[in-house]
Amino acid sequence: MKIKDIELTNISRYRGELMGAAMLFIILFHVSLPRSDMFFGLRRMGNIGVDMFFFLSGIGLWFSWMKKPSIKHFFTRRFLRIYPAWLIIATLFYLPDYLGPQKFSSSLLDLIGDITVNWDFWIQDELTFWYIPAIMMLYLFAPFYMRLIHKHPIYRWLPVAMIMWCILVQYVTPIHDAVGHLEIFWSRVPIFFIGINCGEDVRQKKALDGTSIWMIILMFVMALASSIFLEQQLHGQFPIYLERMLYIPLTVTSILLLNRVFRRTPKWFNRAFKFVGALSLEAYLIHSHFVLVHLEPLHWTYWQTFFVCVAITLPLAWILHKAIEITLKRIEK
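Residues numbered from 1 in each chain as written. Predicted model: local features only at pLDDT ≥ 70, side-chain atom pairs only at ≥ 80, totals over all residues. Heavy atoms only, no water.

> Would you mind showing me how to read the overall build of the protein here?
Scanning the protein from terminus to terminus reveals 17 helices and two strands. Relative to the globule expectation of 20 Å for 333 residues, the C-alpha radius of gyration of the protein, 20 Å, shows essentially globular dimensions. Taken along the three principal axes of its C-alpha coordinates, the protein extends 65 × 55 × 50 Å. Working note: accessible area of the protein is about 16900 Å², and carbon and sulfur atoms make up 69% of it. Counting 32 positive and 22 negative side-chain charges, the protein places the centres of these two groups 13 Å from one another. (Helix = DSSP H or I, 4+ residues; strand = E, 2+ residues; numbered from the N terminus. Rg over C-alpha atoms; globule rule 2.2 N^0.38 Å. Areas by Shrake-Rupley, 256 points an atom, 1.4 Å probe, with all protein chains shown as cover. Lys, Arg positive; Asp, Glu negative; His and termini not counted. Charge placed at Lys NZ, Arg CZ, Asp CG, Glu CD.)

Given below as structure tokens:
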């Protein structure tokens, strides 16, 4: 029996569901678990949710750019999607800290920098909400990269240079001393631009030969199994960027395989994941430092903590999302 071709357009069709899955993976990653637990290595794989966000964001940016290749429009859309939610949550987090223990913001200038651009991430690798400054930085370069590859397709190979840069950051001492503290950012840059590269194939509704599913499964198993082993057996004993490089094929193959799952699951199941995906930004900002921080001291089981965290986070994320949506509509009027 002939295996059905793998339609790349499904990445766009199930983008909401994929974003929802990525968000749930991240929550699973953030729920603490003892190193001795046999699930520890697999739980660490929830970290791949961040790479899925970057990859899907890259594809989405290409779609948006091809519809309206305007830098002003591009930055306005990105700003309105991310910045209002960030500004609210950053203020709620950093302001009480500044007025209290000052673990993060040691001065008024530092507070302003943390709330506006989270500058402590860039200065000293403060990881509280690191994804937000990272994605905003990538947004600054994305339109110029998209212009470049549209005019000169050969530059689609630049992610290879980005992978090489990760190696230089790790092992070339002057570079490591200068920017090595941003490893978590550098190692995610390639997957974002690979996502942009894949955007046109998704937009053109290209397909992979059905028999390629066996290669996809092979790469998925190799990347997943090796990453789990590294985390379970050698956690903290290897340069973390090595595993991030494994995340690149793991991310792409996971998305292709999840598409095949979402093609077969009931509509209510897909709607549930799509709902989470629509609130992924707000859920990311809220779940760890406003919900999990209060649940972890209760010492519940791993799965109890996870499900309660999701149950509390999603309503809060929905309220924040709707409040910003209503406010922006009023401003537009």
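> Explanation requested: empty space enclosed by the protein in the structure shown.
Using a probe with the size of a water molecule, rolled over the atoms, empty space left in the structure can be pinpointed. One pass over the full model with this rule turns up two cavities of 30 Å³ or more. Computed from the structure, the largest cavity encloses a volume of approximately 50 Å³. Around the largest cavity, the lining residues are Cys166, Val169, Gln170, His176, Gly180, Glu183, Trp186 and Tyr241. For the lining of the largest cavity, the secondary-structure elements that each account for two or more residues are α9 (158-171) and α11 (183-186). The greatest single-element share of the lining of the largest cavity, amounting to three residues, is contributed by α9. When the residues that make up the lining of the largest cavity are grouped by side-chain class, the tally is four nonpolar, three polar and one charged. In this structure, the second largest cavity spans a volume of roughly 40 Å³. (1 Å grid on protein atoms, 1.4 Å probe; cavity = no way out; pocket = protein on both sides within 12 Å on 5 of 7 lines; lining within 4 Å. Points joined across faces, edges and corners; volume = space filled by probe spheres on them. Nonpolar A, V, L, I, M, F, W, Y, C, P; charged D, E, K, R; others polar.)

> Mind showing me how you'd approach the environment of arginine 13 here?
With respect to the helices and strands, arginine 13 occurs in helix α1 (residues 9-13). The class of arginine 13 is partly exposed, set by a relative accessible area of 45%. C-alpha of arginine 13 to C-alpha of proline 101: the two residues are 88 residues apart in sequence and 46 Å apart in space. (Buried < 20%, exposed > 50% of the residue type's maximum accessible area, 1.4 Å probe, protein only.)

> Help me out: how do you make sense of the packing of aromatic side chains in this one?
Here a ring pair, both rings aromatic, is described through the centre-centre distance and the interplanar angle of the planes. Following the criterion strictly, the structure yields 36 aromatic pairs and no others. Here phenylalanine 39 and tyrosine 302 contribute two aromatic rings whose centre-to-centre distance is 5.5 Å and whose plane-to-plane angle is 70°, an arrangement assigned as edge-to-face. Separated by 263 residues along the polypeptide, phenylalanine 39 in the loop between α2 (15-30) and α3 (40-44) and tyrosine 302 in helix α17 (residues 302-332) bring together distant segments of the chain. Of the residues examined, phenylalanine 39 reaches a relative accessible area of 24% and is grouped as partly exposed. Of the residues examined, tyrosine 302 reaches a relative accessible area of 9% and is grouped as buried. (Phe/Tyr/Trp six-rings, centres within 6.5 Å; stacked < 30°, edge-to-face > 60°.)

> I keep staring at the environment of isoleucine 135 and nothing clicks. Help me out?
With respect to the helices, strands and loops of the structure, isoleucine 135 is situated in helix α8 (residues 131-151). Given a relative accessible area of 0%, isoleucine 135 falls into the buried group. Separated by 137 residues in the primary sequence, isoleucine 135 and alanine 272 place their C-alpha atoms 25 Å from one another. Excluding anything up to four places from it in sequence, isoleucine 135 contacts Phe54, Ser57, Ile82 and Phe192. (Contact = heavy atoms within 4.5 Å.)

> I would appreciate a short explanation of a nonpolar patch on the surface in the present structure.
A cluster of nonpolar residues, Ile154, Tyr155, Trp157, Val160 and Met164, forms a patch on the protein surface that exposes about 570 Å² of accessible area. Secondary-structure assignment places tyrosine 155 in the loop between α8 and α9. (Patch = residues over 30% accessible without salt bridge, like charges linked within 9 Å, V, L, I, M, F, W, Y side chains within 5 Å. Salt bridge = Lys/Arg side-chain N within 4 Å of Asp/Glu carboxyl O.)

> Help me understand the pattern of salt bridges in this model?
When their charged atoms lie close together, side chains carrying opposite charge are able to pair. Evaluation of the coordinates by the stated rule reveals eight salt bridges. One salt bridge connects glutamate 231 with arginine 44, and the closest N-O pair in it is separated by 3.1 Å. Placement of the pair is glutamate 231 in helix α13 (residues 213-234) and arginine 44 in helix α3, with a sequence separation of 187 residues. For arginine 44, a relative accessible area of 15% puts it in the buried group. Between glutamate 282 and arginine 81 there is a salt bridge, with its nearest N and O atoms 3.2 Å apart. Here glutamate 282 is found in helix α16 (residues 280-295), whereas its partner arginine 81 is found in helix α5 (residues 71-99), with 201 residues between them in sequence.

> Got a minute to help me understand the environment of aspartate 209 in this structure?
Locating aspartate 209 in the fold gives a position in the loop between β2 (207-208) and α13. C-alpha separation for the pair aspartate 209 and glutamate 7, spaced 202 residues apart in sequence, amounts to 8.9 Å. Each residue touching aspartate 209, except ones within four places of it in the same chain, is listed here: Asp5 and Ile6. A distance of 2.6 Å separates the side chain of aspartate 209 from the side chain of threonine 211, its partner in a polar contact. (Polar contact = N/O pair within 3.5 Å; in protein donor to acceptor, adjacent residues only side chain to side chain.)

> I would appreciate a short explanation of α5 in the present structure.
For an α-helix, the turn length of 3.6 residues means that residues three or four places apart are oriented alike. Along its length, α5 reaches its greatest deviation from straightness, about 35°, at phenylalanine 79. The inward-facing, buried residues of α5 contact α4 (48-67), α6 (108-117), α8, α16 and α17. (Bend = angle between axes of the 7 residues up to and from the residue.)

By themselves, these figures tell us nothing about what the structure is for.
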